[in-house]
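# Topology and contacts: notes
The primary structure of each chain is shown beneath.
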Amino acid sequence: MPAHPRYPHLFSPLNLGFTQLKNRVLMGSMHTGLEDIPDGFDRMAAYFAERARGGVGMIITGGIMPNFEAGGGAKLSTPEEAAQHRIVTYAVHAADNEVKIVMQILHTGPLAYTDRCVAPSAIRSRIGAFVPNELDEDGIEKQIADFANCAAMAKLAGYDGVEIIGSAGYLISTFLVEKTNLRNDMWGGSFENRMRFPLEVVRRVRAAVGPAFILIFRIAAMDMLQGGMSWEEVVTLAQALEAEGVNIISTHFTWHEAQVPTIATMVPRAAFASVTGRLRKMVGVPVITSNRINMPDVAEAVLAAGDADLVSMARPMLADADLVVKAFEGREDEINTCIACNQACLDHTFSGKLTSCLVNPRACRETELNYRPTTAPQRLAVVGAGPAGLAYAVTAAGRGHHVTLFDAASEIGGQFNLAKRIPGKEEFYETLRYYGRMIEKLGIDLRLGTRANVASLQAGGFDRVIVATGIAPRVPDVAGIDHPKAVSYVDVITGKAAVGKRVAIMGAGGIGFDVAELITHAGTSAAMDINVFAREWGIDFANHPRGGVTGIDPEVARADREVVLLQRKTSAPGRGLGKTTGWTHKLTLQRRGVQMVGGVDYLKIDDQGLHTLVGGEPRLFDVDTVIICAGQEPLRDLYDALVAAGVAADLVGGAHEAMELDAKRAIMQASELAAAA
Ligand code: FAD
Ligand code: NAP
Ligand code: SF4
């Protein structure tokens, strides 16, 4: 087959000897929660088959446990359990028999949520719930045998291979790192001894599955731990794994307990690919790279630079199941890009909820949320082109309805036009690019700069009006709120309001934190410059000290503005931020010197500043500017007026309910409503 004109590397096959991958893109492993629910295998079958049809070369499933002590998730150790997995492997191969599906074997070791959890030494992880039980010789033998049995069962279930995860702070990796392996027997001490466990697992797995079965090992190429693995140890392990018959080495970055962001939206695209590139030169087997590779041009560039043989895209496959086929057909501008927000994927996973995707609420709901062609096309007016209105308009038009989309502003996007200006949220532009293209492609009649009202909507002769008019920023009832020192977050973000050197932010929700980020930030955004990112998070890509990190210099990012972030609640500010990303925002601001104060009663704003009671004691914040980020109120006047005038109307997004509204809820609610229209 001739090389693809735009993505010659991405669309070249990879020969593994006994089998071949049709291209260089794989869907990386993600726990979705489907593994653990009653109809989960049918739902997983639909979810993975959709990605197989979407053109990916290889799929790696979420982690499956080899035994009970490996963690509380789905286990595979018996032929009966293997029979359930057949539904998944059959569906993927039926969708495209060239696509490989590989099962990840996950033993979470000291992170397992069970008092039966095991580890080389009884050392509790910073994020673990239990002190693990130290494995004795028999225990080690049992774990190795269980890995091998699990792999054999995966083969029985029809998988094309297994991936063994040897990173992230899970069992295998805790053998490798000195501080979690204090043993002085043959399984601890020298690196040769510490790597004995992973090598033995690989040897026994290979013996159990035979030569013609894909065996991938996921190695922590940079574990981000001070005192973690040295580069020499990473290379030694990779070469030893190759000698044991691993077909592919997958590079992973970080342990879950490390305090360096590696996949959040403030991480530059493909930030860690160069580390994979260095390892690739040291081994003969193909290597996989991953992390923040969310568009085909990024993947192609990584492959073209020789940094990897295969590119893992995990979350991007939640965001758009058809990413690969769209790239192949030159329809990149139709890709619904993963914005790395973690809001509906990892935040859900770590809260025990089913995984989905903020920009694609169908992800993991393929059997229940479908956008089928309508048999009764209607003329629909959608008022408001924020995330809710956009999702409704695109979904309804995709189903065959005739949609007119109004927005009073001169561009689509609503509040996303504010969000995209926050350093670290540059990916939000992609969502607007996607919607813009879909409006064009689906022939939606877009009327920008048009404030819709009852009369104009009635005159339009629509069958139904969908009101997605969003919110108005809340103006708190505080004396002096009209004082020139008090400004709205909207005016600060758009640059209309000047901000002084000493600032109080009233409200420590998502927007309060984003505004604090914006006004304490200087220079290039870390998301856009890998050197800034490395400096801010203490990563040394060039010298790769143990773990790859040198530690964070507390002075590196100090802001030249004094900022205090306030809230009335007495709980710790930032508690409501994303479960997997909130800590990065908080840490960043703390390092810039931002103070966070809870338990505040606002009294008045005057020439002196902001007068408050903190914990009942009077306190004056002597500031130049008070930025109001005190939440939002729904804008539903239009809806009420339409209903009063007898016009059939629906409410979505912030206009429906502003409390705790975010884009995840706005897009999901709008998509569900449009699916039923
Ligand atoms: P909006 O986005 O408010 O859109 C409403 C639209 O309706 C506007 O474009 C407005 O011009 C238009 N309109 C109103 N009245 C009329 C009328 N009569 N005629 C025509 N047009 C009209 N959410 C997240 O999930 N994750 C984040 O990281 C995140 N970050 C954010 C950062 C910032 C700085 C801000 C401000 C918000 C952020 N959000 C985030 C919140 C998210 O943007 C909102 O939840 C989402 O935009 C709400 O969507 P919506 O469509 O309901 O309303
Ligand atoms: P929010 O998260 O609800 O925060 C509002 C803040 O204002 C809170 O700190 C609240 O704390 C305070 N507040 C509420 N009423 C007040 C009043 N009458 N007077 C003074 N303070 C008051 O809302 P937001 O920050 O406006 O964000 C809007 C939505 O966008 C949120 O739902 C959020 O999820 C979403 N968003 C998400 C992100 C993200 O990164 N995921 C980023 C930005 C925005 P007290 O009541 O304790 O004072
Ligand atoms: Fe990407 Fe956010 Fe969707 Fe997760 S929820 S897949 S991070 S866009």
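Note that this is a predicted model, so its numbers are computed, not measured. (Residues numbered from 1 in each chain as written. Chains lettered and ligands numbered in written order. Predicted model: local features only at pLDDT ≥ 70, side-chain atom pairs only at ≥ 80, totals over all residues. Heavy atoms only, no water.)

For the rest of this paragraph, the subject is the site of ligand 1. Taken together, the neighbourhood of ligand 1 is formed by 34 residues, with Gln343, Asp407, Lys425, Gly654 and Ala663 sitting nearest. One of the backbone N or O atoms of Pro387 is found 3.3 Å from an oxygen atom in ligand 1. At 2.8 Å from an oxygen atom of ligand 1 is found a main-chain nitrogen or oxygen belonging to Ala663. When the free accessible area of ligand 1 is taken as 990 Å², the share hidden by the protein chains comes to 91%. For the shell around ligand 1, the secondary-structure elements that each account for two or more residues are helix H13 (387-398), strand E14 (402-407), helix H14 (416-419), helix H18 (510-520) and helix H22 (663-676). Residues that form the shell around ligand 1 fall into these classes: 18 nonpolar, 10 polar and 6 charged. (Near = heavy atom within 4 Å. Polar contact = N/O pair within 3.5 Å; in protein donor to acceptor, adjacent residues only side chain to side chain. Areas by Shrake-Rupley, 256 points an atom, 1.4 Å probe, with all protein chains shown as cover. Helix = DSSP H or I, 4+ residues; strand = E, 2+ residues; numbered from the N terminus. Nonpolar A, V, L, I, M, F, W, Y, C, P; charged D, E, K, R; others polar.)

Moving on: unusual backbone geometry. What is expected of a backbone is that most residues other than glycine have negative phi and most peptide bonds are trans. Of note, Ala168 is a non-glycine position whose phi angle comes to about 70 degrees, a positive value. On the secondary structure map, Ala168 appears in the loop between strand E8 (161-166) and helix H4 (171-176). For Ala168, a relative accessible area of 2% translates into the label buried. Within the chain, Thr254 stands out as a residue other than glycine whose phi angle is a positive 95 degrees. Its location among the elements puts Thr254 in the loop between strand E10 (248-253) and helix H8 (273-280). Judged by relative accessible area, Thr254 falls into the buried class, the value being 9%. (Buried < 20%, exposed > 50% of the residue type's maximum accessible area, 1.4 Å probe, protein only.)

Looking now at the domain arrangement of the chain. Each assigned domain of the chain is listed here: domain 1 (14-349), domain 2 (379-473 + 634-676) and domain 3 (486-522 + 557-630). A C-alpha centroid distance of 40 Å is found between domain 1 and domain 3. In total, domain 1 and domain 3 occlude about 610 Å² of area from one another, counting both sides; carbon and sulfur atoms represent 66% of this. On inspection of domain 1 and its partner domain 3, the count reaches 0 salt bridges. Between domain 1 and domain 3 we count 3 residue pairs in polar contact (both at pLDDT 80 or more) in total. Split by residue class, the side of domain 1 that touches domain 3 holds 7 nonpolar, 2 polar and 1 charged. (Domains from an automatic or database assignment. Buried area = accessible area lost by both parts, 1.4 Å probe. Salt bridge = Lys/Arg side-chain N within 4 Å of Asp/Glu carboxyl O.)

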